[in-house]
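Chain residues, written in single-letter form:
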Amino acid sequence: MPFAKSAQPRGGKQALRKALRRRIHSRHPLRAFRKDVRAAAALPLHVLRSAAAGAPLSRAARSGWWYPMLASGKPAIAFMRGKDRPRFAGMTSGKLAENLFRAAKRAERDLSGAGQTYAPRLIEIPSLRIIALWLYAPRGHSRYVLLAHGRARARPDFVILDSLEQAREAARKAAPRKRRRA
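Bear in mind the structure is a predicted one, so any value in this text is a computation, not a measurement. Positions within a chain are numbered from 1, following the residues in the order the chain's sequence is written. The predicted nature of this model means local features are confined to residues of pLDDT at least 70 and side-chain atom pairs, given and counted, to a pLDDT of 80 or more, with totals for whole chains, interfaces and linings taken over all residues. Water and hydrogen atoms play no part in the side-chain values, which are based on all heavy atoms of the structure.

Strands are treated as partners if at least two bridges between them are detected by DSSP. A helix here means a DSSP run of H or I that spans at least four residues, while a strand means a run of E at least two residues long, and both kinds are numbered starting from the N terminus. In this sheet, strand S4 (residues 74–81) lies alongside strand S3 (residues 61–71) in antiparallel orientation, the contact comprising eight bridges. Residue pairing across strands places tryptophan 65 opposite methionine 80, the latter belonging to S4. Two elements, S4 and strand S5 (residues 87–93), share six bridges in a ladder whose sense is antiparallel. Residue pairing across strands places phenylalanine 79 opposite glycine 90, the latter belonging to S5.

In structure tokens:
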């Protein structure tokens, strides 16, 4: 297995369970969250504010956690904000959650024979509209799989990229161009 378990936020699962219990009894619009919910280990979310080429990942700050979940058999994500004491910040199902699950499966399949262990994280670069699965390698080099980039219509191809620069370039190329008015 190419993935190592990352450190988990203290009290994160309890805060998540409490938030989900509240929503089970409410009229929450995401019906998938009303029944059988299984949450995986939390993935730390890092945000890189500088979009400049070559901006080092050491400037990326952890801003929260994503909990991938299966809710009634459908992919979903619960968002937790905060570094030390996570607070529930929302949840979603749909394209982003499906992309996270597909990217993780692709990475596990393609990197299983790499002889390297990766710590799964997420990296967001808001100014470029990039969110990627960041497969951090403590010894070696990290890999990236785009989950979302550009406008909502842009579809990631789940290619494992060798550098953040490649991820930036792939997002730039895939972003739909504005049409000129005649």
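Resuming the write-up.
Let's shift gears to the nonpolar core. Membership of the largest hydrophobic core comes to 20 residues, with the highest contact counts inside it found for Trp66, Leu100, Leu122, Leu133, Leu135, Val145 and Leu147. Going through the elements one at a time, strand S2 (43–47), S4, helix H2 (95–111), strand S7 (130–136) and strand S8 (143–148) are the ones with two or more residues in this core. At five residues, the largest contribution of residues to this core is made by H2. Residues count as neighbours in contact if any of their non-hydrogen atoms are within 4.5 Å of one another. Among all residues touching leucine 100, those that are not within four sequence positions of it are Leu43, Trp66, Pro68, Ile77, Leu122, Leu133 and Leu147. In this description, a nonpolar core means a group of buried Ala, Val, Leu, Ile, Met, Phe, Trp, Tyr and Cys residues linked to one another through side-chain atoms lying within 4.5 Å. We call a residue buried when its accessible area falls under 20% of the maximum for its residue type, exposed when it is over 50%, and partly exposed in between, using a 1.4 Å probe and counting protein chains only. Within the second largest apolar cluster, 13 residues are counted, among which are Ile123, Ile125, Ile130 and Leu164.

This part covers the confidence of the model for the protein chain. For the protein chain, the mean per-residue pLDDT works out to 78, and 78% of the residues sit at or above 70. Along the chain, pLDDT gives the predictor's confidence residue by residue, from 0 to 100. Element-level mean pLDDT values for the protein chain span from 72 in strand S1 (residues 37–39) up to 92 in S2.

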